[in-house]
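Coordinate inspection notes
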Amino acid sequence: MSTIGWIGIGNMGARMCGNLVNAGFTVQGYDLNPDAVAAAAEHGVRPASSVADAVNDADVVFTMLPKGRHVLSVFDGPDGIWAHADKSTLLVDSSTIDIATCRVLHERSREQGFHFVDAPVSGGISGAADGTLAFMLGGGAEDKARASRFIEPMSGKIFDAGEATMGIAAKIANNMMLCIDMLANSEGSQLAEQLGLDPKVFWEIASASSGRSWAQQTWYPVPGIIPTSAADNNFDATFTVDLARKDVGLALEAGKDAGINLPAAGLVSGQFDRLIDEGLSAKDCILIAKYVNPDESLRGWTPDSDTDDADDADDADTDAA
Ligand code: NAD
């Protein structure tokens, strides 16, 4: 059976690795956070001590990291993937990153004799756990076909989005739609409650009506309705404010380059910024629902004293890389 190198065993990566292990692959996992490596080892991942150890003898290497700069830092330099992987190893990035960095990854991989595929995902941690993620692939036809064999156990659907960077382009446009849907769910859920509707009854009506969306089905910001909502867990992150802000920022950047107007994306981006300013960047992004009520109260939300700042953690990651 083939060997998979995996770098970045966080909320998504841990669950994706689990499905690869269950499918019989040998998975060599590395993360800067030793606790993440230890937790993955309990689920059958072989703990790797470095990037070099993770890519050793691997048929394919996946990266699942926060941002473009993390991905580039893991590929580049004397300790990176390009320095240590065999040229026959297929390189796949499933992180959500900016188009410019994705282009650099394709170009520099090609220059050094590697084959690279951009393969971002959609479906959240529930899709990652269930092996039902949508993958959108960008790159050469043969490379995408080769990558699909490894992607299969993690996915419900694999899309060929086109040439290099088209997978990430699709992901950026999709996630902008998701972020705007979050605004709709924040406002719709609170309005329904203020109008006196039973929350569960209203959610069921919207599910069978035109208010239905992935965000409404999976992240609805009201407790006691769906098991996947962060509202049942004091808005602990399934997808952090920091990463959602990154995604909508990527869309705003792409929209600016394309010369188009994206006012709703700008609005939701401003709400993520407010949460970040309040020290809530590591909480779940659907916490924007608290801005609907003038006193910022929200059922399911109790402000904790230990609000940590994901930016600090993020910078620490980069420094250590
Ligand atoms: P996460 O923050 O939970 O996990 C990222 C992991 O990368 C962390 O464990 C961190 O320690 C590790 N890391 C950071 N820098 C590193 C380095 N230099 N070397 C090794 N490990 C390093 O993030 P996540 O939620 O798993 O998301 C990962 C990517 O997937 C992001 O680009 C995100 O936008 C995208 N994504 C997330 C979701 C979601 O719902 N969480 C859905 C689709 C796509």
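Residues numbered from 1 in each chain as written. Predicted model: local features only at pLDDT ≥ 70, side-chain atom pairs only at ≥ 80, totals over all residues. Heavy atoms only, no water.

1. A short note on the domain arrangement of the protein chain
To keep things clear, this is the line we draw: Domain start and end points were adopted from an automatic or database domain assignment. By definition, residues are in contact when any of their heavy atoms lie within 4.5 Å. Each of two parts loses accessible area, computed with a 1.4 Å probe, when they are put together; buried area is these two losses added. Salt bridge, as used here: a side-chain nitrogen of Lys or Arg that lies within 4 Å of a carboxyl oxygen of Asp or Glu. For this analysis, a polar contact is any N or O atom pair within 3.5 Å, provided that within protein one partner can donate a hydrogen and the other can accept it, and provided that sequence-adjacent residues contribute only side-chain to side-chain pairs. Segments assigned H or I by DSSP are reported as helices when at least four residues long, segments assigned E as strands when at least two residues long, and all are numbered from the N terminus. All amino acids are sorted into three groups, where Ala, Val, Leu, Ile, Met, Phe, Trp, Tyr, Cys and Pro are nonpolar, Asp, Glu, Lys and Arg are charged, and the leftover types, Gly among them, are polar.
Examined at the domain level, the protein chain breaks down into domain 1 (3–163) and domain 2 (170–313). Once you take the C-alpha centre of each, domain 1 and domain 2 turn out to be 27 Å apart. Of the residues lining the interface, 15 residues belong to domain 1; the matching set on domain 2 comes to 15 residues. For the pair domain 1 and domain 2, the summed buried surface comes to about 1200 Å²; carbon and sulfur atoms form 68% of the total. On the domain 1 side of the contact with domain 2, Lys67, Thr96 and Met136 bury the most area, a combined 36% of that side's loss. With a closest N to O distance of 3.5 Å, Asp242 and Lys67 form a salt bridge. Here domain 1 is connected to domain 2 by four residue pairs in polar contact (both at pLDDT 80 or more). Per element, the largest residue contribution to the side of domain 1 that touches domain 2 is three residues, and it comes from helix H7 (residues 124–130). In terms of residue class, the side of domain 1 that touches domain 2 is built from seven nonpolar, six polar and two charged.

2. With respect to the pattern of salt bridges
Going by this rule: Note on exposure labels: buried denotes an accessible area under 20% of the residue type's maximum, exposed denotes more than 50%, and partly exposed covers the range between, all computed with a 1.4 Å probe on protein chains only.
Considering all chains together, one arrives at 11 salt bridges under this definition. Between Asp236 and Lys283 there is a salt bridge whose closest N-O contact spans 2.8 Å. Here Asp236, found in the loop between helix H11 (214–218) and helix H12 (241–258), pairs with Lys283, found in the loop between helix H13 (263–277) and helix H14 (310–320); they are 47 residues apart in sequence, far enough to count as distant. For Asp236, a relative accessible area of 39% corresponds to the partly exposed category. Taking the relative accessible area as the measure of exposure, Lys283 reaches 9% and is therefore buried. Several salt bridges converge on common partners, so that one network encompasses Arg274, Glu278, Lys290 and Glu296.

3. Examining the packing of aromatic side chains
Rule in force here: When two rings of Phe, Tyr or Trp (its six-membered ring) have centres within 6.5 Å they constitute a pair, described as stacked for plane angles under 30 degrees, edge-to-face for angles over 60, and tilted for the intermediate range.
Throughout the structure, instances matching the rule amount to seven aromatic pairs. Each ring, one from Trp6 and one from Phe62, has its centre 5.0 Å from the other, and the planes form 20 degrees; the classification is stacked. One end of the pair, Trp6, is in strand S1 (residues 3–7); the other, Phe62, is in strand S4 (residues 60–63), and 56 residues separate them in sequence. Exposure remark for Trp6: the relative accessible area of 0% places this residue in the buried category. For Phe62, a relative accessible area of 0% corresponds to the buried category. With 5.9 Å between their ring centres and 25 degrees between their planes, Trp219 and Phe239 make a pair best called stacked.

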